[in-house]
Amino acid sequence: MNAANTPSLADLIRRPLITEKATLLLENNQYVFEVDPRANKLQIKAAIEELFEVRVVSVNTYNPPKKKRRMGRFAGHRPHYKRSVVTLAPGSSIPLFPDL
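The paragraphs below set out a description of the structure included in this document. In this text the structure is predicted, and so the values were computed from the model without any measurement.

Parameters at a glance
Residues numbered from 1 in each chain as written. Predicted model: local features only at pLDDT ≥ 70, side-chain atom pairs only at ≥ 80, totals over all residues. Heavy atoms only, no water. Pairing = 2+ DSSP bridges. Helix = DSSP H or I, 4+ residues; strand = E, 2+ residues; numbered from the N terminus. Salt bridge = Lys/Arg side-chain N within 4 Å of Asp/Glu carboxyl O. Buried < 20%, exposed > 50% of the residue type's maximum accessible area, 1.4 Å probe, protein only. Polar contact = N/O pair within 3.5 Å; in protein donor to acceptor, adjacent residues only side chain to side chain.

### Some thoughts on the pairing of strand β4 (residues 68–71)
- In this sheet, strand β5 (residues 74–77) lies alongside β4 in antiparallel orientation, the contact comprising four bridges. Along β5, the bridge assignment pairs R69 with G76.
- Linking β4 to β5, which pair antiparallel, is a turn of two residues; within it G72 sits at a positive phi near 65°.

Quick look at the structure:
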């Protein structure tokens, strides 16, 4: 990525993913996020630490395969995305569900 196309750290993290597996991982202090497909592990770690003010121990990434999608006679693929599983240091947490 060159300087003109480099997204800021806040733009790398798109949204937290709340799935059944992701909620089970919360017990191990692991959080799942959808991130920019061009982001690497070091950028993801820096973005999480800056945005949520926590200490990240490890980052695992996963690029799911493309899925086909049809609209009538037109065939294509669903948008590409990348998942990352972020493990936080003991004692750190991210409030995904703030108290209302």
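Following the structure, the description resumes.
### Digging into the pattern of salt bridges
- A complete count under the given rule lists three salt bridges for this structure.
- Note that R15 and E34 form a salt bridge whose closest N and O atoms lie 2.9 Å from each other. Here R15 is found in strand β1 (residues 13–16), whereas its partner E34 is found in strand β2 (residues 30–35), with 19 residues between them in sequence.
- For E34, a relative accessible area of 11% corresponds to the buried category.

### Section: the side chain of D36
- The residue D36 is located in the loop between β2 and α3 (41–52) in this model.
- For D36, a relative accessible area of 7% corresponds to the buried category.
- A distance of 2.9 Å separates the side chain of D36 from the side chain of R38, its partner in a polar contact.

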